[in-house]
Amino acid sequence: MNEIYKLSTEYIALCDLLKSCSVCSSGGEAKHFIAEGNVAVNGVQELRKTCKIRAGQVVSGQGFTIKVVAA
């Protein structure tokens, strides 16, 4: 799944982004998914559940890539 997420604020928490893009069905599932090491931000593994994702960053993992752009 390749998706472009239009960010309307300064940033979005990583767990909220995964939920918004339907990578995970709930915030709790997203936090667990991140803690297991399944997510990378700009190619670097990210374990912080509420990492601030800003426009220009790419969030990826097994079977998904989300490009975050300014709205």
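Our structure's up above, just so we're on the same page.
Position numbers for residues count from 1 along each chain, tracking the sequence in the order it is written. Note on the predicted model: pLDDT of at least 70 is required for a residue's local features to be given, and 80 or more for side-chain atom pairs to be given and counted; whole-chain, interface and lining totals, by contrast, use all residues. In computing side-chain values, all of the structure's heavy atoms are included and hydrogens and water are not.

On to the overall build of the protein chain, then. What counts as a helix is a DSSP run of H or I of at least four residues, what counts as a strand is a run of E of at least two, and both are numbered from the N terminus. The helix and strand tally for the protein chain stands at two helices and seven strands. Based on C-alpha atoms, the radius of gyration is set beside the globule rule, defined as 2.2 Å times the residue count to the power 0.38. At 11 Å, the protein chain has a C-alpha radius of gyration in line with the 11 Å of a compact globule built from 71 residues. In terms of overall dimensions, the protein chain has C-alpha extents of about 30 × 20 × 20 Å along its principal axes. Think of it in three bands: residues with accessible area under 20% of the maximum for their type are buried, residues over 50% are exposed, and the middle band is partly exposed, with areas taken using a 1.4 Å probe on protein chains only. By the burial criterion, 32% of the 71 residues in the protein chain qualify as buried. The contact criterion used is simple: two residues touch if any of their non-hydrogen atoms lie within 4.5 Å. The contacts of the protein chain with a sequence gap of at least 6 include a subset with a gap of at least 24, amounting to 47%.

A separate point is the pattern of salt bridges. Note on pairing: side chains with opposite charge can pair once their charged atoms come close. Basic side-chain nitrogens of Lys or Arg form a salt bridge, by our definition, when they fall within 4 Å of a carboxyl oxygen of Asp or Glu. A complete count under the given rule lists two salt bridges for this structure. Among the ionic pairs, Glu10 bridges to Arg54, the shortest N-O distance being 2.9 Å. With Glu10 in the loop between strand S1 (2-7) and strand S2 (12-13) and Arg54 in the loop between strand S5 (52-53) and strand S6 (58-61), this residue pair connects regions lying 44 residues apart in the sequence. Glu10 sits in the exposed class, given a relative accessible area of 59%. Ionic pairing is found between Glu46 and Arg48, a salt bridge with its closest N-O pair at 2.8 Å.

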